[in-house]
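Spelled out from the first residue to the last, the chains are:
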Amino acid sequence: MAGDDVREVKSRLDIAEVIGDYVALRKSGQTYWGRCPFHNEKTPSFSVSPERQTFHCFGCGKGGDVFTFIMEIENLEFREALERLAERAGVRLQGPVDGSRGKILAGVDILKHALDFFIRSLHGNSGEAARAYLARRTLTNDDMMRFEIGWAPSSWDSLSRYLHDLDLNDGQIIESGLAAMGTRGIYDRFRGRIMFPIYSLTDRIVGFGGRILDGDGAKYLNSPESALFNKRNNLYLMNKSKTQIREKGHVILVEGYMDAIRCHLAGYTNTVASLGTSLTEAQALLIKRMTGLCYICYDSDSAGQEAALRGMYTLQKQGVSVRIVRLTGGKDPDEVLLANGGLQMFASALESAMPLPVYHAILRKAEMEMPEKSLAARNDLLDGLASLSAFDVAPHIEKISQQMGVFPHELKREIEERRIGQADTASRRMPEDDSVGLIETGEGTDTELKPSSEPDDLECMFSSIIWGSEELRSRFSPEYVVPFIKDEILQNMVSALLSGEDPRHLEERWRQIGDRRSPELVARGNGLISREGIDPDKAEGIAETIRRRCIEERVLSLNTKLKKGTATEPEVEEHLRLTRILKGGKFGA
């Protein structure tokens with residue numbers, strides 16, 4: 001059963017070791033601390049408790065168990081996280097694999113067979129021309145093996161025949177994106193191409209990119225879109241780069257496969273490629289999860305510069321600070337790094353990388369000086385600047401105004417006017433479903449619905465304390481504490497626990513319904529307990545404080561009504577009863 005699989009995997013893994021692969025942790029007492037991987041911070045507020053096997057960030061509020069962490073950090077569904085952790089723990093899963101997941105896993109196996117075929121073809125007789133080309137690009141055999149570079153022979157169906165020999169049928173091969181059906185039968189999608197395997201963030205092969213060696217056809221060809229491969233959601237070499245990106249605090253984004261490989265060989269192992277000239281929002285989100293700073297290093301031709309500009313705005317929109325690397329001495333990173341003094345040129349280009357506002361102004365400067373293009377160029381620049389926050393633009397106003405030939409105060413005014421215009425346009429386009437929720441007040445007026453505040457620390461700690469101890473749960477009746485807990489999620493959780501529900505069954509239910517908030521609150525409580533050094537024996541004192549505080553707030557509310565003369569007779573009696581309870585110190589249920 002899935003629940004048994006989950007318990008078995010958790011019992012064999014230490015959450016601190018798993019998270020330690022992603023976050024640099026430092027032990028303090030019984031807790032590990034580090035900088036949160038889910039948001040940018042300078043002071044570590046991310047805690048990991050090996051004792052309770054949970055994590056919690058006091059900065060952004062993320063928290064949960066080892067499954068929650070892997071799901072968040074790798075953007076996985078629960079089943080995928082379970083499979084990933086089971087492999088690490090050496091656990092063979094008992095639960096069934098559904099049809100769609102089974103197809104995906106079968107597709108991965110087919111791609112692995114194809115990769116073996118491509119690699120052997122590169123080092124066989126048919127790969128001689130491809131090896132010569134790669135050697136001219138100064139790649140050694142070790143380099144080719146490190147990046148699993150292969151060769152798709154020029155023949156019509158050599159890969160398909162190889163896969164047929166492995167008892168795979170036409171439908172499976174076509175569905176994997178490796179072949180297509182023609183009038184004369186099945187034929188290979190990749191022919192006469194140098195092959196680059198594309199891996200997901202979790203080291204699972206999901207597709208290929210192929211560069212044509214000679215002849216007609218597109219220079220680059222990727223696997224088609226499928227349940228397994230979506231170009232918009234992947235970045236080449238991200239699986240190899242993710243650790244270095246976190247350690248170095250930034251990522252270098254390039255266009256092509258060879259650009260990324262060359263950067264890795266030159267020591268820039270935090271480099272990824274965007275699988276094309278247009279960076280997608282999904283790719284930007286993937287980068288954001290890894291780091292808050294990106295250096296874009298696209299080709300130095302006009303198409304590359306425009307693509308870099310679009311990519312910068314896509315990243316900035318997702319909250320990633322961006323810098324543009326302007327290359328000299330070559331067209332792309334591969335050529336620059338191969339040139340004499342290329343390492344120094346590349347390092348210098350990185351050091352002098354430009355922020356987005358300045359780069360956009362410089363890129364449009366020539367057009368702004370041409371009468372026929374001036375208006376369009378200025379509008380493009382000003383609209384872009386207005387879409388950024390004031391904090392992103394303000395430090396560069398002086399430089400931008402010089403490029404535009406206007407005074408800084410004039411530029412500020414123009415940007416602000418455009419911001420107002422953009423805000424008005426956005427509000428007019430807002431769908432009805434996105435309108436602000438309203439609640440009716442006692443006086444009959446409408447008031448904006450406020451977002452729910454963070455749950456109370458004491459309530460979180462109490463929930464976490466009783467979560468981990470059946471003996472403590474037996475000391476409390478639901479009536480004693482549940483009515484005094486304000487947070488609805490915690491109230492439901494405590495009610496279930498004090499009514500005899502097994503925490504493991506609650507966890508299983510949360511996973512089935514996709515509830516991440518409940519385990520997050522348990523982890524928050526665990527983090528508070530570890531940080532404050534709270535002993536479990538304090539549970540009764542915490543419960544009493546929660547009750548007393550709730551009664552005090554009710555008394556204050558009744559006091560207001562008594563002063564206004566609006567209290568009803570039952571409310572007057574309630575006020576007297578609660579006041580006696582408070583004066584008497586401890587109070588019963």
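Residues numbered from 1 in each chain as written. Predicted model: local features only at pLDDT ≥ 70, side-chain atom pairs only at ≥ 80, totals over all residues. Heavy atoms only, no water.

So, on to the overall build of the protein chain. When its secondary structure is counted, the protein chain shows 28 helices and 18 strands. Dimensions of the protein chain, computed from C-alpha atoms along their principal axes, come out at roughly 95 × 70 × 50 Å. Counting all 589 residues of the protein chain, 46% fall into the buried class. By sequence separation, contacts in the protein chain at least 24 residues apart represent 63% of the contacts at least 6 residues apart. Of the accessible surface of the protein chain, which amounts to about 29800 Å², a share of 49% is contributed by carbon and sulfur atoms. Where the 77 positive side-chain charges of the protein chain centre and where its 88 negative ones centre are 3 Å apart. (Helix = DSSP H or I, 4+ residues; strand = E, 2+ residues; numbered from the N terminus. Buried < 20%, exposed > 50% of the residue type's maximum accessible area, 1.4 Å probe, protein only. Contact = heavy atoms within 4.5 Å. Areas by Shrake-Rupley, 256 points an atom, 1.4 Å probe, with all protein chains shown as cover. Lys, Arg positive; Asp, Glu negative; His and termini not counted. Charge placed at Lys NZ, Arg CZ, Asp CG, Glu CD.)

So, about the nonpolar core. Considering soluble globular proteins, one finds that nonpolar side chains tend to be buried as a cluster. Residues Ile 149, Leu 178, Phe 208, Tyr 236, Ile 261 and Phe 346 are the most contacted members of the largest nonpolar core, which totals 58 residues. If one sorts the elements of this core by residue count, helix H5 (residues 99-122) sits on top with 9 residues. If we ignore the near neighbours within four places in the chain, the residues touching Ile 261 are Leu 139, Phe 147, Ile 149, Phe 196, Tyr 236 and Leu 237. Counting 43 residues, the second-largest nonpolar core is a separate cluster that includes Leu 315, Ala 377, Ile 400 and Leu 411. (Core = buried A, V, L, I, M, F, W, Y, C linked by side-chain atoms within 4.5 Å.)

Okay, the sheet that holds strand S2 (residues 31-34) next. Within the open sheet, the 5 strands sit side by side as S1-S2-S3-S4-S5. Their pairing is antiparallel. Two strands bound the open sheet, and with one partner strand each, they are strand S1 (26-28) and strand S5 (63-64). Bridging between S2 and strand S3 (residues 46-49) involves 3 bridges; their strand directions are antiparallel. The residue of S3 that forms the bridge with Tyr 32 is Val 48. (Pairing = 2+ DSSP bridges.)

Although it is not a glycine, Gln 53 adopts a positive phi angle of roughly 55°. As for its placement among the helices and strands, Gln 53 is situated in the loop between S3 and strand S4 (54-57). Unusually for a residue other than glycine, Glu 148 sits at a positive phi of about 55°. By relative accessible area, Glu 148 is classed as partly exposed at 23%.

Another aspect to go through is the side chain of Ser 463. Of note, Ser 463 is situated in helix H21 (residues 457-467). By relative accessible area, Ser 463 is classed as buried at 1%. Aside from chain neighbours lying at most four places away, what touches Ser 463 is Leu 490, Met 493, Val 494 and Leu 497.

On to the pairing of strand S14 (residues 293-296), then. Across 3 bridges, the pairing between strand S12 (residues 251-254) and S14 is parallel. Bridging across to S14, Leu 253 finds its partner in Ile 296. Bridge count between S14 and strand S15 (residues 321-324): 4 bridges; the pairing is parallel. Note on S15: the bridge partner recorded for Leu 293 is Ser 321.

Below, the discussion takes up the pairing of strand S8 (residues 185-188). For strand S7 (residues 179-182) and S8, the ladder comprises 4 bridges, and the chain directions are antiparallel. Bridge pairing in S8 links Met 181 to Ile 186. The loop that links S7 with its antiparallel partner S8 comprises 2 residues.

Before going further, it helps to spend a moment on the pattern of salt bridges. Under the definition given, this model contains 30 salt bridges. A single network of salt bridges, built from pairs that share partners, joins Lys 10, Asp 65 and Glu 507. (Salt bridge = Lys/Arg side-chain N within 4 Å of Asp/Glu carboxyl O.)

Here we take up the packing of aromatic side chains. Counted according to the given criterion, the structure contains 20 aromatic pairs. Ring centres of Phe 196 and Tyr 236 lie 6.4 Å apart, and the angle between their planes is 80°; on these two criteria the pair is classed as edge-to-face. In this pair, Phe 196 is assigned in strand S9 (residues 193-199) and Tyr 236 in the loop between strand S11 (220-222) and helix H10 (238-248), connecting sequence segments 40 residues apart. Take Phe 196 and Tyr 236: they sit in the same class, and that class is buried. Seen from their ring centres, Phe 462 and Phe 476 are 5.2 Å apart, and the 80° between their planes marks the pair as edge-to-face. (Phe/Tyr/Trp six-rings, centres within 6.5 Å; stacked < 30°, edge-to-face > 60°.)

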